[in-house]
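Below, each chain spelled out in residue letters.
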Amino acid sequence: MLGALIILAVTLVTGLVLYLTHKPDSVGVASQPDEERAGEECCGLHAVCEKTIGQIDAPAYFDDEELDRYAARDPETYTPDEVEEFREVLYTLLPQDVYAWGASLTLRNIALPTSLRDEWIMLCSK
């Protein structure tokens, strides 16, 4: 009986120390409960943000100035030819540059076509 009380006391003390020293997640969106994120529109980046946090320190340069004309446009209004422009750039990138390219588009206020978003996420996860 005394041994069980000692084990219980050690467990409680350990739990208390862990509780007091626990630091909450400072990641942002990834640490929010799903209920809080439910109303937010998906930007496509949070699906891989936990994997790639800190991967990009400074925006990289991509030779895709032709896409700048799509800044501040609704991705649902892109024509099939315009979507193909994005697809051509996406599939000519090096695998390690795919995430950075998507982040670069976001920083430049260029929305990735909705039909390409899943392809971009899939390529980011490789």
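Quick caveat: nothing in here was measured; it's all calculated off a predicted structure. (Residues numbered from 1 in each chain as written. Predicted model: local features only at pLDDT ≥ 70, side-chain atom pairs only at ≥ 80, totals over all residues. Heavy atoms only, no water.)

Asker: What is the right way to read helix α5 (residues 98-107) from this model?
Answerer: Among the 10 residues of α5, 8 are classified as buried, and the element is accordingly described as predominantly covered. Buried residues of α5: Val98, Tyr99, Ala100, Trp101, Gly102, Ala103, Ser104 and Leu105, and no others. The positive-phi residue at the C-terminal boundary of α5 is Asn109, with phi of around 60°. (Buried < 20%, exposed > 50% of the residue type's maximum accessible area, 1.4 Å probe, protein only. Helix = DSSP H or I, 4+ residues; strand = E, 2+ residues; numbered from the N terminus.)

Asker: Even after reading the chapter, I still don't get the nonpolar core, so can you show me in this structure?
Answerer: Across soluble globular proteins, nonpolar side chains show a tendency to be buried alongside one another. Ranked by internal contacts, the top residues of the largest apolar core, which has 21 residues, are Leu67, Phe86, Leu90, Trp101 and Trp120. Those elements that place two or more of their residues in this core are α4 (80-90), α5 and α6 (114-124). The element that contributes the greatest number of residues to this core is α5, accounting for 6 residues. (Core = buried A, V, L, I, M, F, W, Y, C linked by side-chain atoms within 4.5 Å.)

Asker: Would you explain the confidence of the model for the protein chain in this entry?
Answerer: Residues with a pLDDT of 70 or more make up 70% of the protein chain, whose mean pLDDT is 76. When pLDDT is averaged over each helix and strand of the protein chain, the minimum, 46, is found for helix α2 (residues 34-37) and the maximum, 92, for α4. Confidence drops under pLDDT 50 across residues 26-40; counting only partners more than four residues distant or on other chains, this segment forms 9 contacts. Overall, residues 49-56 carries pLDDT values under 50, and its contacts beyond four positions in sequence, including any with other chains, amount to 12 contacts. (pLDDT = per-residue confidence, 0-100. Contact = heavy atoms within 4.5 Å.)

Asker: How should unusual backbone geometry be read in this particular structure?
Answerer: Residues apart from glycine generally show negative phi values, whereas peptide bonds are mostly found in trans. In this structure, Ala72 takes a positive phi of about 65° despite not being glycine. On the secondary structure map, Ala72 appears in the loop between α3 (46-52) and α4. Phi is positive for Asn109, close to 60°, though the residue is something other than glycine. Looking at the secondary structure, you find Asn109 in the loop between α5 and α6. On the accessibility criterion, Asn109 (48% relative accessible area) is partly exposed.

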